[in-house]
Amino acid sequence: MRGGDPGSGLQDAYAVIEYYRSSPPNSLELANALRVLALAEAAAGNRDSACTHWSEARELYVHVGVPDGVAEADRRVAALAAA
């Protein structure tokens, strides 16, 4: 994602997600890609989409045992909900 350009970042993030959904990535790679997409969506003001991607990333972080990822997803969703 290019700094200061959420639209471009969204395009890049969606391309990565499309790639991972069409190939057999490991769950951590997909969770991290969803994290980037959620950040780009939030930066672009798309709160609902950002929350959806954070929720999916959170599930994957739980599955692979990454508590820091789970905690970040929880914090980000709470912040988006409060905004």
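Residues numbered from 1 in each chain as written. Predicted model: local features only at pLDDT ≥ 70, side-chain atom pairs only at ≥ 80, totals over all residues. Heavy atoms only, no water.

### As for the overall build of the protein
As a reminder of what qualifies: Secondary structure elements follow DSSP: runs of H or I of four or more residues count as helices, runs of E of two or more count as strands, with numbering from the N terminus. Accessible area is worked out with a 1.4 Å probe on protein chains only. A residue is then buried under 20% of its type maximum, exposed over 50%, and partly exposed in between. Whether two residues touch is decided by their heavy atoms; if any such pair falls within 4.5 Å, the residues are in contact. Working definition of accessibility: Shrake-Rupley area with a 1.4 Å probe, residue cover restricted to the visible protein chains.
Helices and strands together make up the secondary structure of the protein, namely four helices and zero strands. Helices and strands in the protein line up, N terminus first, as α-α-α-α. Every one of the 83 residues in the protein was classed for burial, and the buried ones make up 30%. Across the protein, the fraction of contacts at a sequence separation of at least 24, relative to all contacts at a separation of at least 6, is 47%. Just so you have it, the protein exposes about 4,800 Å², and 53% of that area is on carbon and sulfur atoms.

### A look at helix H2 (residues 27-43)
Since one α-helical turn is 3.6 residues long, residues separated by three or four positions face the same way. To keep things clear, this is the line we draw: What a helix is expected to span follows from its residue count: subtract one and scale by 1.5 Å. Under this definition, polar contacts are N or O atom pairs within 3.5 Å; protein pairs additionally need one hydrogen-donor-capable and one acceptor-capable atom, and for neighbouring residues in sequence, both atoms have to be side-chain atoms.
With 17 residues, H2 should cover 24 Å at 1.5 Å per step; its first-to-last C-alpha distance of 24 Å lies within 8% of that length. Every buried residue belonging to H2 is among Leu30, Ala31, Ala33, Leu34, Leu37, Ala38, Ala40 and Glu41, and all of these are buried. Near the N-terminus of H2, the side chain that reaches the backbone nitrogen of leucine 28, with its oxygen 2.9 Å away, is that of asparagine 26. Looking one or two residues beyond H2, the residue adopting positive phi is glycine 45, at roughly 90°.

### Thoughts on the nonpolar core
Using the following cut-off: By nonpolar core is meant a set of buried Ala, Val, Leu, Ile, Met, Phe, Trp, Tyr and Cys residues that side-chain atoms within 4.5 Å join together.
Ile17, Leu30, Leu34, Leu37, Leu60 and Tyr61 are the most contacted members of the largest nonpolar core, which has 14 residues in total. At the level of secondary structure, the elements contributing two or more residues to this core comprise helix H1 (6-22), H2 and helix H3 (47-64). Dropping the residues within four chain positions of it, tyrosine 61 is found in contact with Leu28, Ala31, Asn32, Arg35, Val66, Gly69 and Val70. Counting residues in hydrophobic clusters, the runner-up holds five residues, among them Ala38, Ala50, Trp54 and Leu80.

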